[in-house]
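# Per-entry structural report
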Amino acid sequence: MGKRKQVRVGPQPATVEEFGDALLAAAPGDADRLAPGFTLPAELAEAADRTGQQLIGRACRGGWLPEDLHQAARRRLDEFAGSYLLDTLAAYAGQFTAVHPAWREQLDAAGAVRWWTETEPQLPQWAAKHILTPSEAVAAVIEAFGLLKTLPALTVVLPAPGTPPERPVRPHVDEKKLSRVRALLAKAESSSFPEEAEALSAKAQELMTRHALDRVLVESAENTTAEPNRPAARRIWLDTPYTDAKSLLVHVVATANRCRAVFDPRWEFVTVIGDEDDLDSVALLTTSLLVQATRAMITDPAGRSRPFRKSFLVSYATRIGERLERAAEATIAQAPELLPVLASHEKNVAAAFTTLFPEVVNKSVTVRSHEGWGAGRAAADRARLGE
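Read on for a plain summary of the structure.

Calculation notes
Every residue gets a number counted from 1 within its own chain, in the order that chain's sequence is written. Only residues with pLDDT of 70 or above have their local features reported here, since the model is predicted, and side-chain atom pairs are shown and tallied only from 80 upward, although totals for entire chains, interfaces and linings are computed over all residues. Note that the side-chain values use all heavy atoms of the structure and ignore hydrogens as well as water. For the purposes of this entry, the term helix denotes a DSSP run of H or I that reaches at least four residues, the term strand denotes a run of E that reaches at least two, and both are numbered from the N terminus. Partly exposed describes any residue whose relative accessible area lies between the buried limit of under 20% and the exposed limit of over 50%, with all areas from a 1.4 Å probe on protein chains only and scaled to the type maximum. We call two residues contacting when some pair of their heavy atoms lies within 4.5 Å. Every accessible area reported is derived by Shrake-Rupley at a probe size of 1.4 Å, with residue values counting cover from the shown protein chains alone. Only strands joined by at least two bridges in the DSSP assignment are considered to pair. Note on method: axes are straight lines fitted to C-alpha atoms, helices fitted across the in-contact stretch only, with angles between N-to-C directions ranging 0 to 180 degrees. Residues enter a nonpolar core if they are buried and are Ala, Val, Leu, Ile, Met, Phe, Trp, Tyr or Cys, with the set joined through side-chain atoms within 4.5 Å. What counts as a ring pair is set by centres within 6.5 Å for rings of Phe, Tyr and Trp (its six-membered ring), and what kind of pair is set by the plane angle: stacked under 30 degrees, edge-to-face over 60, tilted for all other angles. A ring is considered to have a charge above it if a Lys NZ or an Arg CZ atom is located within 6 Å of its centre and within 35 degrees of its normal. A cavity, in this analysis, means grid points on a 1 Å lattice covering only the protein atoms where a 1.4 Å probe fits yet has no way out; a pocket is instead an open set bounded by protein on both sides within 12 Å along at least five of seven lines, and a residue lines either one if it has an atom within 4 Å of a point. Grid points are joined across faces, edges and corners, and a volume is the space filled by probe spheres set on the points.

A separate point is the overall build of the protein. Helix and strand counts for the protein come out as 15 helices and 3 strands. Expressed as a percentage of its 387 residues, the buried residues of the protein come to 48%. The long-range share in the protein, meaning contacts at least 24 apart out of those at least 6 apart in sequence, stands at 77%. Just so you have it, the protein exposes about 20,100 Å², and 54% of that area is on carbon and sulfur atoms.

With that settled, the discussion passes to the sheet that holds strand 1 (residues 232-237). Taken together, 3 strands build an open sheet; the order of strands is 1-3-2 and the sheet is antiparallel. Each of the sheet's edge strands pairs with one partner strand only, and the pair in question is strand 1 and strand 2 (260-264). Across the sheet, the mean angle separating the axes of adjacent strands is 20 degrees when strand polarity is ignored. Sheet topology places strand 2 next to strand 3 (residues 269-274); 5 bridges connect them, and they run antiparallel. From the neighbouring strand, F263 faces strand 3, where its bridge partner is V270. The sheet contacts of helix 12 (residues 276-299) involve strand 1 and strand 3, and relative to strand 1 the element is tilted by about 10 degrees.

With that out of the way, let us pick up the nonpolar core. Membership of the largest hydrophobic core comes to 66 residues, with the highest contact counts inside it found for L23, W64, L69, W103, L123 and V138. No other element matches helix 8 (residues 134-150), which puts 10 residues into this core. Once residues lying within four places of it in the same chain are set aside, the contact partners of V138 are L23, A31, L34, A35, L40 and L44. Membership of the second largest hydrophobic core comes to 41 residues, among which are A197, V270, L284 and L313.

Cis rather than trans, the peptide bond between T240 and P241 has omega equal to 0 degrees. Inspection of the secondary structure puts P241 in the loop between strand 1 and helix 11 (243-256). The phi dihedral of I131 is positive, around 55 degrees, even though this residue is not glycine. Along the chain, I131 turns up in the loop between helix 7 (122-129) and helix 8. Relative accessible area serves as the criterion here: at 75%, I131 is assigned to the exposed category. Here Y242, not a glycine, exhibits a phi torsion of approximately 65 degrees, which is positive.

Turning our attention to the packing of aromatic side chains. This structure, assessed with the given rule, holds 10 aromatic pairs. Taking the centre distance of 6.2 Å and the plane angle of 15 degrees together, the rings of F312 and Y316 count as stacked. Here the residue F312 and the residue Y316 both occupy positions in helix 13 (residues 306-332), the gap between them amounting to 4 residues, near one helical turn. The same class applies to F312 and to Y316, which are both buried. What links up through ring pairs into an aromatic cluster is the set W64, W237, W267 and F269. Sitting over the ring of W267, R76 keeps its end group 4.1 Å from the ring centre. Over the ring of F269 we find R235; its NZ or CZ atom is 5.5 Å from the centre of that ring.

Here the focus is the layout of surface pockets. The rolling of a water-molecule-sized probe over the atoms marks out the regions of remaining empty space. Of the volumes computed, that of the second largest pocket is approximately 890 Å³. For the second largest pocket, the lining is made up of 33 residues, of which V262, F263, V360, V361 and K363 are closest to its centre. If you list the elements that add at least two residues to the lining of the second largest pocket, you get helix 11, strand 2, strand 3 and helix 13.

Just geometry here; none of it tells us what the structure is for.
Right, here's the structure in full:
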């Protein structure tokens, strides 16, 4: 008989520091050893709080936003570990009075709120809320910490809590315009007729371009000698599968709205660089077109294979890009006097993009289905866009 391999387990932690080290080094299977009874040791609860704040703080200073952490947790963690990570994020943000409004909006959208009693340790209250045993709660903590330990530094697009903003926060985009665009896109998403859906999307693009021209006109009149607003950045997360093909759709929408985009395949998000209002337009239109493209793809009777669907999405994005560019160019042609100002804006966006991403590598998306390519182009080409 072969010898059974012996696994040596270190001594049971006793202090807060020892529990902290143990949580960082542990695997989820070590939870029973760290919390063997029916009560969470006070030292373990304090260690979890301290270690969680250290890890989440490092992630936030490294460029991770609440939406990023929420999306990463949704993809990599189970329900309980994801919940604990968001609570840890809420606890971290609660320490600061200086929090960028957009960062705060993402925190609220992710549902990260401080609900627990501050006079008691958080971990036992969290475990009780989710009806978990001590070992189950510690397993979730270890899993959440495991993800936080692996997060790489990202491009900083918003200042972390506690960091004064580098520039004044601009007023939010015109809500009346946004409401009209949302209404058009909602109608497009609900339509069962591809021609109508794509025509409505093109109308939304036209409206967004007109708004951008109005904004540029006002800015050029009011800020003849002032330095132009610096471009901002935003991340758009994509759901699997076919994220490389879907990223192409984000790229063409960004281009039509005077922005630049780059895809990170490791975490499956696209970072878009541009003026604040243009970024709002890109996010709105991208979300709607992804819904429409996916619906058109899965209902196409010609094929359901992976090569077909990926080719469909690549072709769809390519043709939609041509249509959006044409709609934007037709609107801009009505105000030729603004071309120099728009060119200056695009130059600023390009410079910001190069600064943030100096080593971008262009990669192509492989198309393996001629049928999928044709079906995707046809789905994007059926609309009459006022030509």
